[in-house]
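Understanding the architecture of this molecule
Chain residues, written in single-letter form:
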Amino acid sequence: MRFPAPAARRAALSPFLGRLLAGALLGLTLSSPAALAQFGPQGPPAVGVLAVERRPVRESTEFVGRVEAQNRVDLRARVTGFLQERAFREGQEVTEGQVLFRLERPPFEAEVARAQAQVASAQAELQNANSALARARDLVRSAAGTQVRVEEATAAQRTAQANLLAAQAQLRVAEINQGYTEVKAPFAGKIGRSTFSVGAVVGPSSDPLATIVSQDPMRVSFPVNLRTGTELRDRYAGRGGADATRVRIRLITGEIYDEVGRIAFIDPQVDRNTDTILVRALIPNPPRGQANSDGSVDRALIDGMFVNVFVEGAQPVPLVVIPRSAVLQDQQGSYVWVLDAENRAGRRPLTLGRSIADQVVVEAGLETGERVVVEGVQRVRPGQPVQPGPASAPIRPPGAAPAPAGRQG
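Residues numbered from 1 in each chain as written. Predicted model: local features only at pLDDT ≥ 70, side-chain atom pairs only at ≥ 80, totals over all residues. Heavy atoms only, no water.

The protein is annotated in an unreviewed UniProt entry as Efflux RND transporter periplasmic adaptor subunit of Falsiroseomonas selenitidurans. Turning to the protein, the UniProt record has this under Subcellular location (unreviewed entry): "Cell envelope". For the record of the protein, the UniProt heading Sequence similarities (unreviewed entry) holds the text "Belongs to the membrane fusion protein (MFP) (TC 8.A.1) family." (UniProt positions renumbered as here; feature names shortened; annotations may be inferred.)

In this section: the sheet that holds strand β10 (residues 201-202). Within a sheet, neighbouring strands are paired by backbone hydrogen bonds and run either parallel or antiparallel to one another. Across the sheet, four strands lie side by side as β8-β7-β5-β10; this open sheet has antiparallel pairing. On the outer flanks of this sheet lie β8 (182-184) and β10, each paired with one strand and no other. Strand direction decides the pairing type here: strand β5 (residues 81-86) and β10, joined by two bridges, are antiparallel. Bridge pairing links glycine 81 to valine 202 in β10. (Pairing = 2+ DSSP bridges. Helix = DSSP H or I, 4+ residues; strand = E, 2+ residues; numbered from the N terminus.)

This brings us to helix α5 (residues 226-236). What α5 keeps buried is the set Thr228, Leu232, Arg235 and Tyr236. Mapping the buried residues of α5 onto a view down its axis gives an arc of 80°, with all of them on the same face. Looking at α5, the residues exposed on the side facing more than 90 degrees away from the buried face are Arg227 and Arg233. (Buried < 20%, exposed > 50% of the residue type's maximum accessible area, 1.4 Å probe, protein only. Arc of directions from axis to C-beta.)

Before going further, it helps to examine the packing of aromatic side chains. According to the stated counting rule, one finds three aromatic pairs in the structure shown. Measuring from ring centre to ring centre gives 5.2 Å for phenylalanine 88 and phenylalanine 101, while their planes differ by 80°; the resulting arrangement is edge-to-face. With a gap of 13 residues between them, phenylalanine 88 in the loop between β5 and β6 (93-94) and phenylalanine 101 in strand β7 (residues 99-103) connect regions that are remote in the sequence. For phenylalanine 88, a relative accessible area of 6% translates into the label buried. One residue, arginine 66, lies across the ring of phenylalanine 306, its end atom 3.9 Å from the ring centre. Arginine 347 extends its terminal NZ or CZ atom over the ring of tyrosine 335, reaching a point 3.9 Å from the ring centre. (Phe/Tyr/Trp six-rings, centres within 6.5 Å; stacked < 30°, edge-to-face > 60°. Lys NZ or Arg CZ within 6 Å of the ring centre and 35° of its normal.)

See the structure below:
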């Protein structure tokens, strides 16, 4: 067995010894005081802070409500007859007084003509009775007649007069029934589907011909539990009551409706089953865009739809508002990190109020001018100094929040 020559072994070990020596030198260098100063422990953690100040806020409370048409009616035939014409397209908007259905008119026209003939006959009888009464009175004055004849003529004249009034009343009824052959819209609104086809026999006992609902303004009804209602009453009592509020709604698409409503009715009675008070608000529902080819008009609010309702103060009030991201919670409640003059973090318990989008109102616990950590809160420890800097996203004015969210009512 042959072993490598000493020179060959040294050549093979030279690279390994070089790497080993370099690693040892590097370890000695890193353990020196200068190296420790250069690669020492990290400094205070960097955090984003925000100075506490009062901002104008519209107080908002959220409820769940339903959109209702202010006027809604089932159209019915008031006389019996054949349905001759449907003068609208299903789903279109109609105007007040517009003719929607027409019933067969000839039978009713004939009834009007018959009543007119009865009136003419009664008028002739009354004229004859008047003449007979006049002759009887003349005969009494000339001693050729008797008082009994006068009295009989008077009774006949009054009977003829009553018959004329009855005939005129029958004519009026016939004219009214003839008018009922046209079913008109009692108010402007949108009409639904037609229940009957042309040619069907309809009458007062038939199903509704169609349903019409008003469109603008719409009514939003929402129940308010008694406790929340009392809080709202006390909050706005000195500002004008319901007139100091406005109503906004969020549609099922998540979009905030751009029209503002007002409270129009508060039920004076409490529902004993739910312990709630019914509140109604009126909100505009104007058309969106031009009318469609079929005469229909698109509007945002539809009768019967569910919406989220926000009761807001008409005028903003100054409140302490901080980002929700700055608020932490544990078993003791909500708190934030507040910096002192030496940039040391301290825990500060809070009493929170209502939420406005991604911000929250602070009712107690913070004073104007204090610095609150809003970014990097997970790196803060009690009493630990931090390196403060301005928050990357400054707080947005609460009134500009695109989607207000409030406490559930």
